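Report on the structure
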Amino acid sequence: MSAQPKLKFAFYWAASCGGCEVAVLDVDEAILQVIALADIVFWPVAMDIKYKDVEEMPDKSIDVCFFNGGVRNDEQEHLAKLLRAKAKTLVAFGSCAHLGGVPGLANVADKKEIFNTVYLDNPSTNNPDGVVPQPLCKVPEGELKIPEFYDTVRTLDQVVDVDYYLPGCPPTPKRIVEAVMAIAKGGLPPKGTVLGPLKSVCDECPRKKEDKKISHIYRVYEITPKPEKCLLEQGIICMGPATRGGCEAQCIDANMPCTGCNGPCPKVTEQGAAMISALASILGVEEEKGTDFNPEKLIAQVKDPLGTFYRYALPASILRRKVMKK
Ligand code: SF4
Ligand code: SF4
Ligand code: SF4
């Protein structure tokens with residue numbers, strides 16, 4: 001009996017931090033199961049392979065491409081389109097590909113503002129000639145091209161058709177192995193599914209909720225929270241009510257609040273708005289009517305609303321980006 005042919009996997013990183021690449025190795029000895037199932041035909045972080053090698057592959061010759069990172073320049077857009085053409089199944093791997101991720105917070109600025117801050121207008125940069133990167137430049141040896149930087153970070157599915165989403169910043173090893181096994185066994189759910197449970201982080205969290213209202217919002221360094229009680233009910237903003245589970249509430253286990261990396265709960269498109277609504281219900285605004293309770297004062301204690309409520313999902317949200325004055 002002939003052995004089952006091995007699958008062909010590809011991995012690529014676009015506008016990402018590299019953590020998702022490391023997460024693939026974090027599966028420890030399960031990597032041996034992955035290797036037994038599949039050959040890796042493209043993985044720039046680990047293999048010496050050129051883009052032209054991928055361009056020469058027949059269309060749909062890669063079984064699954066795991067693509068991490070959002071799309072913020074023309075090289076990443078080219079690779080997203082190329083890998084879409086070459087792969088039968090494209091998985092948006094991690095928060096950045098799924099929702100835009102932390103790099104997507106740069107959508108509060110455009111290319112000009114970012115270049116000003118990075119290359120021109122900061123105290124640690126010495127750039128008297130005001131040189132900023134140019135996509136094309138002439139040197140004695142010829143013309144050099146570097147990727148063109150875009151104004152906006154986009155999620156993978158804002159650029160190409162995506163088959164599945166593996167959430168998390170980065171996805172946990174358990175979720176990665178489950179996804180790979182489901183792919184290998186042909187047990188994947190319908191196209192477009194987020195490969196995670198339907199419950200929220202709160203549903204997985206062992207902390208006790210007492211339906212308490214809060215009268216002060218604390219930043220994590222301002223108090224030492226009680227380990228057995230809900231962080232939100234102790235005044236620390238925890239995105240658990242508005243975030244899909246699947247991580248076994250691992251941040252809360254470390255006495256830190258959930259920051260929302262798994263993205264919105266099922267059937268919710270706007271994670272930030274869902275959390276603002278959850279927060280409003282715990283502030284006890286209704287009960288305080290007619291007293292000297294001042295909700296604006298309480299809300300002003302949220303020091304970084306965008307980074308708190310939209311840390312991973314600004315490009316995928318209805319807000320998407322800040323409108324810039326031209
Ligand atoms: S999802 Fe998180 S770990 Fe993965 S590339 Fe983005 S920032 Fe890094
Ligand atoms: S809000 Fe946070 S700490 Fe409270 S139950 Fe939900 S996940 Fe746990
Ligand atoms: S607790 Fe929240 S931030 Fe932490 S891994 Fe889970 S979903 Fe991500």
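All of the points below concern the structure found in this document. Since the structure is predicted, the reported quantities are computational estimates derived from the model, not experimental observations.

**Focus: the overall build of the protein chain**
Scanning the protein chain from N- to C-terminus turns up 12 helices and nine strands. Overall, the C-alpha framework of the protein chain stretches about 70 × 65 × 30 Å when taken along its three principal axes. For the protein chain, long-range pairs separated by at least 24 residues make up 72% of all intrachain contacts whose partners lie at least 6 apart in sequence.

**As for the site of ligand 1**
Taken together, the residues surrounding ligand 1 are Ser16, Cys17, Gly19, Cys20, Gly94, Ser95, Cys96, Gly168, Cys169 and Pro170. Listing elements by their share of the shell around ligand 1, those giving two or more residues are helix 1 (19-25) and helix 5 (95-99). A breakdown of the residues in the shell around ligand 1 according to their chemical character gives five nonpolar, five polar and no charged.

**Topic: the packing of aromatic side chains**
Following the criterion strictly, the structure yields nine aromatic pairs and no others. With 5.0 Å between their ring centres and 40° between their planes, Phe11 and Trp43 make a pair best called tilted. Here the residue Phe11 occupies a position in strand 1 (residues 7-13), and Trp43 occupies one in the loop between strand 2 (38-42) and helix 3 (51-55), the gap between them amounting to 32 residues. Judged by its relative accessible area of 8%, Trp43 falls in the buried class. Summarising the aromatic geometry, the rings of Phe115 and Phe149 are spaced 5.1 Å apart at their centres and angled 50° between planes, so their arrangement reads as tilted.

**Overview of the state of the cysteines**
As used here, a disulfide is simply a covalent bond connecting the sulfur atoms of two cysteines. On inspection of all chains with the given rule, the structure shows zero disulfides. The thiol sulfur of Cys65 is not disulfide-bonded, and the nearest other cysteine sulfur, from Cys20, lies at 13 Å. When its relative accessible area of 0% is taken as the criterion, Cys65 is described as buried.

**Concerning the site of ligand 2**
Close contacts around ligand 2 come from Val201, Cys202, Cys205, Arg207, Lys209, Cys230, Leu231, Leu232, Cys238, Gly240, Pro241 and Ile252, and that covers them all. Among the residues forming the shell around ligand 2, the class breakdown is nine nonpolar, one polar and two charged.

**A few points about the pattern of salt bridges**
Two side chains carrying opposite charge are able to pair once their charged atoms lie near each other. In total, this model carries 15 salt bridges according to the counting rule given. Across the pair Lys52 and Asp53 runs a salt bridge, and its minimum N-O distance is 3.7 Å. A relative accessible area of 48% means that Lys52 is categorised as partly exposed. Given a relative accessible area of 27%, Asp53 falls into the partly exposed group. For Lys174, the salt bridge goes to Glu248, with nearest N and O atoms at 2.8 Å. Note that Lys174 is positioned in helix 7 (residues 173-184) and Glu248 in the loop between helix 8 (201-204) and helix 9 (250-253), a separation of 74 residues in sequence. Residues participating in the shared-partner salt-bridge network are Arg84, Asp161, Asp163 and Lys191.

Conventions and cut-offs
One numbering rule holds for all chains: residues counted from 1, following each sequence as written. Starting at A for chains and at 1 for ligands, labels are handed out in the order in which the entities are written. In keeping with the model being predicted, local features are shown solely for residues with a pLDDT of at least 70 and side-chain atom pairs are shown and tallied solely at 80 or more, while totals for entire chains, interfaces and linings include all residues. Heavy atoms from the whole structure form the basis of all side-chain values; hydrogens and water molecules are not counted. Strands here are runs of E lasting at least two residues and helices are runs of H or I lasting at least four, both read from the DSSP assignment and numbered beginning at the N terminus. We call two residues in contact whenever any of their non-hydrogen atoms come within 4.5 Å of each other. Proximity is defined per residue: if any heavy atom of the residue lies within 4 Å of a molecule or strand, that residue is considered near it. Throughout this entry, Asp, Glu, Lys and Arg are counted as charged residues, while Ala, Val, Leu, Ile, Met, Phe, Trp, Tyr, Cys and Pro are counted as nonpolar. The remaining residues, Gly among them, count as polar. Only centres within 6.5 Å qualify two rings of Phe, Tyr or Trp (six-membered ring in Trp) as a pair; their planes then separate them into stacked at under 30 degrees, edge-to-face at over 60, and tilted for everything else. Burial classes: relative accessible area under 20% of the type maximum marks a residue as buried, over 50% as exposed, and values in between as partly exposed (1.4 Å probe, protein chains only). Count a disulfide wherever a pair of cysteine sulfur atoms falls within 2.5 Å. Note on definitions: salt bridges are taken to be side-chain nitrogens of Lys or Arg within 4 Å of carboxyl oxygens of Asp or Glu.

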